[in-house]
Amino acid sequence: MKQLVIFDLDGTLLNTIDDLGQAANHALERAGYPTHAISSYPFFVGNGVTRLLQRVLPEDARSEANVETLRRYFTEYYDLHNADNTRPYDGIPELLEQLAGRGVKLAVASNKYQSAVEKLICRYFPAIPWVAVEGQKPDVPVKPDPSIVFEILGKVVMPKRQTLYVGDSGVDMETARRACVASCGVTWGFRPVKELKQYYAENIVDRPSEILDLVINGEE
């Protein structure tokens, strides 16, 4: 049985794509650049805000100064509107309650900036006894660098063989691989199944309830 489950946030626990897209489009519009259809944003996100804003800018406008300008507009808007359309995926609240009820330790590892991660977790999962809620911080590289996982393992002091990492993207699967922990890709998030397979997901699930089975029956 696994004793610690580390979850990605966007595309895994919460469907945040509408609010992320609206915030990025707001920033682009304020800076005088074309916006994008919300349906295109699943392929822009996943590597943190800086990379998101680089991707949505026109190719010839991706300077550091322009990205910083967009970051300011994005953050101002997103801090106020990050829960307008964001919702937990079906079955996620029940899964978290079941895992916590069995004594499994739960953590979050996200490339979203720290204050936004904390705000969303407090809003949508206030009763869950998280052992760590980690977002992007200036002194920690973004995923797929495994530093964020090592930070969690340092706080929880859990053997890697008893840890499961759950996410929706190749970035998440690569993070788990580099950290040498078991991985589980979810199909309800922002990226296609073929990406999960391309990055060697050890398990792929279609429903949150399947994660409970993996945790209970997972090899150590």
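Here is what the cut-offs are and how they apply
- Residue positions within a chain follow its written sequence, with the count starting from 1.
- In keeping with the model being predicted, local features are shown solely for residues with a pLDDT of at least 70 and side-chain atom pairs are shown and tallied solely at 80 or more, while totals for entire chains, interfaces and linings include all residues.
- Excluded from the side-chain calculation are hydrogens and water; included are all heavy atoms of the structure.
- Axes, fitted as lines to C-alpha atoms, cover a helix only where it is in contact. Angles between the N-to-C directions of the axes lie from 0 to 180 degrees.
- A run of DSSP states H or I qualifies as a helix once it reaches four residues; a run of E qualifies as a strand once it reaches two. Both are numbered from the N-terminal end.
- Any angle from 65 to 115 degrees is called roughly perpendicular, while one under 35 is roughly parallel, one over 145 is roughly antiparallel, and all others are oblique.
- Helix crossings fall into two classes, left-handed where the near helix is turned counterclockwise from the far one by less than a right angle and right-handed where it is turned clockwise.
- Working rule for contacts: check all heavy atoms of both residues, and any pair within 4.5 Å makes them a contact.
- Residues are sorted three ways: Asp, Glu, Lys and Arg are charged, Ala, Val, Leu, Ile, Met, Phe, Trp, Tyr, Cys and Pro are nonpolar, and all the rest, Gly among them, are polar.
- In this analysis a 1.4 Å probe is tested at points of a 1 Å grid over the protein atoms alone, and where it fits but cannot get out there is a cavity; an open set with protein on both sides within 12 Å along at least five of seven lines is a pocket; lining residues have an atom within 4 Å of a point.
- Grid points are joined across faces, edges and corners, and a volume is the space filled by probe spheres set on the points.
- Only protein chains enter the area calculation, which uses a 1.4 Å probe; residues under 20% of their type maximum are buried, those over 50% are exposed, and those in between are partly exposed.
- Pairing between two strands is assigned when DSSP locates at least 2 bridges connecting them.
- A clockwise course of the path from the first strand over the helix to the second, judged with the strands pointing away from the viewer, identifies a crossover as right-handed.
- Any pair of Phe, Tyr and Trp rings, taking the six-membered ring for Trp, is counted once the centres come within 6.5 Å. Such a pair is stacked with planes under 30 degrees apart, edge-to-face with planes over 60 apart, and tilted for the rest.
- Here, over-ring charges are defined by two tests on the NZ atom of lysine or the CZ atom of arginine: distance to the ring centre within 6 Å, and angle to the ring normal within 35 degrees.

Undergrad: Can you help me understand the packing of helix α2 (residues 49-56) against helix α3 (residues 64-81) in this one?
TA: Helix packing geometry: the angle between the two helix axes and the distance between the axes. Across the interface, α2 lies against α3 with an axial gap of 10 Å and an inter-helix angle of 115 degrees. Viewed along their axes, α2 and α3 adopt a mutual orientation that is roughly perpendicular. Judged by the sense of rotation from one axis to the other, the crossing of α2 with α3 is right-handed. Contact residues: V49, T50, L52, L53, Q54 and V56 in α2; V67, L70, R71 and F74 in α3. Residues of the contact of α2 with α3, tallied by class, amount to seven nonpolar, two polar and one charged.

Undergrad: I'm lost on empty space enclosed by the protein in this one. Help?
TA: To find leftover empty space, one rolls a probe the size of a water molecule over the atoms. According to the stated counting rule, one finds two cavities of 30 Å³ or more in the structure shown. In this model, the largest cavity occupies a volume close to 260 Å³. Taken together, 21 residues line the largest cavity, and the ones lying closest to its centre are D10, V45, G46, N47 and N111. Counting residues per element, the ones that place at least two in the lining of the largest cavity are α2, β4 (105-113) and α7 (170-179). The element contributing the most residues to the lining of the largest cavity is β4, with three residues. Class assignment of the residues belonging to the lining of the largest cavity gives a composition of eight nonpolar, six polar and seven charged.

Undergrad: Just to check I follow, could you spell out unusual backbone geometry for this structure?
TA: With the exception of glycine, most residues fall at negative phi, and the peptide bonds are largely trans. Cis rather than trans, the peptide bond between K143 and P144 has omega equal to 20 degrees. Unusually for a residue other than glycine, C180 sits at a positive phi of about 65 degrees. By the secondary structure assignment, C180 is in the loop between α7 and β7 (182-186). With a phi angle near 65 degrees, Y200 is a residue other than glycine that sits in the positive phi range.

Undergrad: What exactly am I supposed to notice about the pairing of β7 here?
TA: The two faces of a sheet get side chains in turn, since along a regular strand they alternate between them. Here β7 lies mainly inside the structure; five of its five residues are buried. Bridging between strand β6 (residues 163-167) and β7 involves four bridges; their strand directions are parallel. Of the residues in β7, the one forming a bridge with Y165 is S183. This β-α-β element, β6 to α7 to β7, shows right-handed connectivity. Sheet analysis places β7 next to strand β8 (residues 203-205), joined by three bridges and oriented parallel. Residue pairing across strands places G185 opposite I204, the latter belonging to β8. The parallel pair β7 and β8, bridged by helix α8 (residues 193-198), forms a crossover whose chirality is right-handed.

Undergrad: Could you clarify how one ought to interpret the packing of aromatic side chains in this entry?
TA: We describe a pair of aromatic rings using the distance from one ring centre to the other and the angle between the two ring planes. Applying the stated rule across the entire model yields four aromatic pairs. Consider the rings of Y78 and Y113, whose centres lie 6.4 Å apart with planes at 70 degrees: the pair is edge-to-face. Residue Y78 is found in helix α3, and its partner Y113 is found in strand β4; the two are separated by 35 residues along the sequence. Classification of Y113 by relative accessible area gives buried; the value is 11%. Between F125 and W130, the ring centres sit 6.2 Å apart and the planes meet at 70 degrees, which makes this aromatic pair edge-to-face. Taken as a pair, F125 and W130 share a single burial class, namely buried. Grouped by ring-pair contacts, the aromatic residues F74, Y78 and Y113 constitute a single cluster. Here the basic side chain of R72 rests over the ring of Y73, its NZ or CZ set 5.3 Å away from the ring centre.

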